[in-house]
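The lines below spell out each chain.
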Amino acid sequence: MSLLDHGHAPPSFGEGSTQVALDPRDEITGAKVFAVYGKGGIGKSTTSSNLSAALSLLGKRVLQIGCDPKHDSTFTLTKKLMPTVIDVLETVDFHSEELRPEDYMFEGFNGVMCVEAGGPPAGTGCGGYVVGQTVKLLKQHHLLEDADVVIFDVLGDVVCGGFAAPLQHAERAVVVAANDFDSIFAMNRIVAAIKAKSKNYDVRMAGVIANRSAATDEIDRFNEATGLKRLAHFPDLDAIRRSRLKKCTIFEMDSTPEIEAVKTEYLRLAATLWAGTDALDAMPMKDRDIFEFLGFE
């Protein structure tokens, strides 16, 4: 039986989107909130951690929340893999009132607060539940009140209802992409998910971070066609790769002209996001259209 059979109008959600209203008690207030998305393996965690570090160096109190079950979002900030929210909840049989902030929140580089949400075992649960429980814990312990900026580093290009959950909290969404077909194809689908969420939540697109790319011509061409803009560009430098292997941020690497240029770009990006970006009304393409748009004869 349909909604109309009950005399109710259908919900005004995004196309193919099932959404529920966010409980006002779970809203993040007082901090700028960003959600970082992008194709799996594109460098979102490296980008998120260096962005968190840059914001902290600008004097902001930063909280980074890793939303990947492999819980490696913050290890360049903390120097090791930290226990996840799900890990510590299991130890108290999911009685969250028994937890203390220091059980799951760890201080990283320059005071960045680091939380790894974790996730259920593969194929057994919903990442959205984990994100929701993490936000509730942070609010319960008043940790969100101590943050100027909250950064959600979100699992790969998965934009199901579960891993789109950070979009319910974010003010702006950022997509990390390389200058190649697969990254831009994934970005297009992520933009579609963000546009669907924006019908019911405050989240809007901030723009694109070009990463691991010598050039940005294909990203720029896609941006022009869809109404996006490039916020920053980080080339495919071995120094950035090595910083992750050394378990440190780019700001802790020995100085070279290349590293100084990357630091400057991260600080510029941090200042841009803090100052506020336009809400982009991007128009994603249909899969078949973007395939033709990006393809070669």
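Predicted, not measured: the structure shown is a model, and the values here were computed from it.

1. Some remarks on empty space enclosed by the protein
Consideration 1: Summed over the entire model, instances satisfying the criterion amount to 1 cavity of 30 Å³ or more.
Consideration 2: As a volume, the largest cavity reaches approximately 30 Å³.
Consideration 3: Here the residues of the lining of the largest cavity are counted per class, giving 2 nonpolar, 2 polar and 3 charged.

2. Section: the pairing of strand β4 (residues 113-116)
Consideration 1: Of the two faces of β4, the one holding M113 and V115 and the one holding C114 and E116 are both buried throughout.
Consideration 2: Here strand β2 (residues 62-67) pairs with β4 via 4 bridges, running parallel. When the sheet's bridge partners are listed, Q64 is paired in β4 with C114.
Consideration 3: Following strand β3 (residues 105-107), the chain reverses through 5 residues before pairing antiparallel with β4; N110 in that reversal takes a positive phi of roughly 50°.

3. Things to note about the UniProt feature "binding site: [4Fe-4S] cluster" (unreviewed entry) in the protein
Consideration 1: According to UniProt, the "binding site: [4Fe-4S] cluster" (unreviewed entry) feature falls on C126 and C160.
Consideration 2: Turning to its location among the elements, C126 is positioned in the loop between β4 and α4 (127-140).
Consideration 3: The exposure class of C126 is partly exposed, given its relative accessible area of 42%.

4. Quick look at the packing of aromatic side chains
Consideration 1: For the coordinates displayed, the defined rule picks out 3 aromatic pairs.
Consideration 2: Geometrically, the ring pair formed by F234 and Y266 is stacked, given 3.9 Å between the ring centres and 20° between the ring planes. Here the residue F234 occupies a position in strand β8 (residues 230-234), and Y266 occupies one in helix α8 (residues 257-275), the gap between them amounting to 32 residues. Taken as a pair, F234 and Y266 share a single burial class, namely buried.
Consideration 3: Through a chain of ring-to-ring contacts, three or more aromatic side chains come together here, namely F181, F185 and F291.
Consideration 4: If you follow K32 out to its NZ or CZ, it ends over the ring of W274, 5.3 Å from the centre.
Consideration 5: The ring of F293 carries the charged tip of R221 above its face, separated from the ring centre by 4.1 Å.

5. A closer look at the environment of P101
Consideration 1: Topologically, P101 is positioned in the loop between α3 (85-91) and β3.
Consideration 2: Accessibility expressed as a relative area gives 24% for P101, which makes it partly exposed.
Consideration 3: In this structure, the C-alpha to C-alpha distance between P101 and H142, residues 41 residues apart in sequence, is 9.2 Å.
Consideration 4: If sequence neighbours within four positions are ignored, P101 has contacts with H141 and L143.

6. Concerning the environment of D254
Consideration 1: Its location among the elements puts D254 in the loop between α7 (238-245) and α8.
Consideration 2: In this structure the C-alpha to C-alpha distance between D254 and A239, which are 15 residues apart in sequence, comes to 9.6 Å.

7. As for the pattern of salt bridges
Consideration 1: The full count for this structure, using the stated rule, is 15 salt bridges.
Consideration 2: Note that K70 and D72 form a salt bridge whose closest N and O atoms lie 3.9 Å from each other.
Consideration 3: Accessibility expressed as a relative area gives 14% for D72, which makes it buried.
Consideration 4: A salt bridge links K79 to E252, with the shortest nitrogen-to-oxygen separation between them at 2.8 Å. Linking K79 in the loop between α2 (75-78) and α3 with E252 in the loop between α7 and α8, this pair joins segments that are 173 residues apart in sequence.

Reading guide: rules and limits
Residues numbered from 1 in each chain as written. Predicted model: local features only at pLDDT ≥ 70, side-chain atom pairs only at ≥ 80, totals over all residues. Heavy atoms only, no water. 1 Å grid on protein atoms, 1.4 Å probe; cavity = no way out; pocket = protein on both sides within 12 Å on 5 of 7 lines; lining within 4 Å. Points joined across faces, edges and corners; volume = space filled by probe spheres on them. Nonpolar A, V, L, I, M, F, W, Y, C, P; charged D, E, K, R; others polar. Buried < 20%, exposed > 50% of the residue type's maximum accessible area, 1.4 Å probe, protein only. Helix = DSSP H or I, 4+ residues; strand = E, 2+ residues; numbered from the N terminus. Pairing = 2+ DSSP bridges. UniProt positions renumbered as here; feature names shortened; annotations may be inferred. Phe/Tyr/Trp six-rings, centres within 6.5 Å; stacked < 30°, edge-to-face > 60°. Lys NZ or Arg CZ within 6 Å of the ring centre and 35° of its normal. Contact = heavy atoms within 4.5 Å. Salt bridge = Lys/Arg side-chain N within 4 Å of Asp/Glu carboxyl O.

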